[in-house]
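The residues making up each chain are set out below.
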Amino acid sequence: MQVRPSTPGPVRVTIAVPPGAQTLDVAGPLDVFREATRQSKGDAGYAVRILSLERSIPLRTDGLTLVPDTSIWAADEPIDTLLVAGTPAVAELSQFTDFYAWLRRRVPAMRRFGSVCTGVFFLGEAGLLAGRRVTTHWEDVAGLAARYPDAILLPDQIFVQDGPLYTSAGVTAGIDLALRLVEDDFGRNLAMVVARRLVVFLKRSGGQSQFSQHLVAQFASEGRIERIQHWILDHLTADLGVPRLAARAGMSERNFARLFLSASGATPAEFVEAARVEAARQLLEDGSLALQTVAVRCGFGSIDTMRRSFRRRLGATPHEYRQRFQA
């Protein structure tokens, strides 16, 4: 947990907004901080500023036009917490070299910094992810792993803290992250009040894969690995260890494991577990099969093995998952 600075006054939060940013990446955390200020009745507070990466005003997001409070070209102001919003236009990262220089200069003086969704790519371009545990939107996991191999990717987390660095999964996960920052600054009670006011969970019970086709993000573009992945999905009850899979691909175990990881962003074991959990999740949502039957049909073999995988990937047991997500 971070310790709030002893300086008086509100916590100074800056949200950096790249052109074409996902609107909710900005509005979600902003509403959390503003609601925390309102609900605290003067006992706590945030001063939130919108930062433009460009000289032009106004700033166009993906659906709204914003008038930023400041830009990276303006005189420096104190920043306690920086969040970088995400954008679908991650292919245009090369355009923002001035922002990367600004990040390298300013971040060391901040108490904490982070990103929402694909905003983590901007931090990566500035060289701020090396050796750090991070996450991002499930659709961009493979791209993040390929572009910043020195980062430690945790693909199925709603948000991840590594020291002063906070990164979140896609879009609405920025709300989860902001609630965590409020809890760190002013305690669980205020964070709970804000969560109730916004009608969201203070802490979701699982990772982002429970709400998305996260498994799709792990499919490889390399033909041999992709074929093996589809074979895995059709044979979840088979022996899916590396020796069997490598032999099927016609490769040595070492080369197979290395190529699988580089092409998909996951180890063979991680992909197999994710595939089995995804299949079990669907059975739990769609029917009333006994847990042992689900475990056998999805290749776990036993309820205990399935339970461990569910806890590791979803933060909930199969029974808890069925109770929460079954209609």
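All values reported here derive from a predicted model rather than from experimental measurement.

**Student:** Looking at this structure, I do not really get the overall build of the protein. What am I missing?
**Tutor:** Each helix and strand counted, the protein has 13 helices and 11 strands in total. For the protein, the proportion of its 327 residues judged to be buried stands at 49%. Across the protein, every contact between residues at least 6 apart in sequence was considered, and the portion connecting residues at least 24 apart equals 64%. In the form shown here, the protein has an accessible surface area of approximately 15,100 Å², with 51% of it arising from carbon and sulfur atoms.

**Student:** When you look at helix H2 (residues 97–106) in this model, what are you seeing that I'm missing?
**Tutor:** For the α-helix, the turn length of 3.6 residues means that residues three or four positions removed from each other point alike. Taken together, the buried positions of H2 are occupied by Phe99, Tyr100, Trp102, Leu103 and Arg106. Buried residues along H2 cover an arc of 160 degrees about the axis, so they all sit on one side. In this structure, the buried side of H2 is in contact with strand S1 (11–17), strand S2 (46–52), strand S6 (81–84) and helix H3 (120–125).

**Student:** Is there a simple way to think about the environment of Leu284 in this case?
**Tutor:** Along the chain, the position of Leu284 falls in helix H10 (residues 268–286). Each C-alpha atom of the pair Leu284 and Val294 lies 7.7 Å from the other, and the pair is 10 residues apart in sequence.

**Student:** For this particular structure, what's the right way to read the packing of helix H1 (residues 23–39) against helix H5 (residues 173–186)?
**Tutor:** To describe two helices that pack against each other, one gives the angle between their axes and the distance between the axes. Running from amino to carboxyl end, H1 crosses H5 at an angle of 30 degrees, the nearest separation of the two axes being 8 Å. When the axes of H1 and H5 are compared, the pair comes out roughly parallel. Seen from above, H1 lies across H5 with right-handed handedness. The segment H1 lies against H5, with Gly28, Pro29, Val32, Phe33 and Ala36 engaging Gly174, Ile175, Ala178, Leu179, Leu181 and Val182. By residue class, the composition of the contact of H1 with H5 is 9 nonpolar, 2 polar and no charged.

**Student:** What am I meant to see in the pairing of S6 here?
**Tutor:** The side chains of a regular strand alternate, first on one face of the sheet and then on the other. Side chains Thr81 and Leu83 of S6 all project onto a buried face; the interleaved residues Leu82 and Val84 project onto the opposite face, where all are buried too. Of the pairings in the sheet, the one linking S1 to S6 comprises 4 bridges and is parallel in character. Bridge assignment links Ala16 to a residue of S6, and that residue is Val84. Pairing between S6 and strand S7 (residues 112–115): 4 bridges, direction parallel. Considered in S7, the bridge of Leu82 is made with Phe113. The handedness of the S6 to S7 crossover, carried by H2, is right-handed.

**Student:** Before we go on, may I ask you to explain the nonpolar core in this structure?
**Tutor:** As a rule of thumb, nonpolar side chains are buried together in soluble globular proteins. Core analysis: the largest hydrophobic core is formed by 29 residues, its most contacted members being Leu82, Phe99, Trp102, Leu103 and Leu129. When residues of this core are traced back to their parent elements, those giving at least two are S6, H2 and H3. Apart from the residues lying within four places of it in its own chain, the contact partners of Phe99 are Ala16, Leu53, Ile72, Val84 and Phe122. Counting residues in hydrophobic clusters, the runner-up holds 27 residues, among them Ala44, Val48, Tyr166 and Leu181.

Procedures and definitions
Residues numbered from 1 in each chain as written. Predicted model: local features only at pLDDT ≥ 70, side-chain atom pairs only at ≥ 80, totals over all residues. Heavy atoms only, no water. Helix = DSSP H or I, 4+ residues; strand = E, 2+ residues; numbered from the N terminus. Buried < 20%, exposed > 50% of the residue type's maximum accessible area, 1.4 Å probe, protein only. Contact = heavy atoms within 4.5 Å. Areas by Shrake-Rupley, 256 points an atom, 1.4 Å probe, with all protein chains shown as cover. Arc of directions from axis to C-beta. Axes fitted to C-alpha atoms, helices over the stretch in contact; angles between N-to-C directions. Parallel < 35°, antiparallel > 145°, perpendicular 65-115°, else oblique. Left-handed = near helix turned anticlockwise from the far one by under 90°. Nonpolar A, V, L, I, M, F, W, Y, C, P; charged D, E, K, R; others polar. Pairing = 2+ DSSP bridges. Right-handed = clockwise from strand over helix to strand, strands pointing away. Core = buried A, V, L, I, M, F, W, Y, C linked by side-chain atoms within 4.5 Å.

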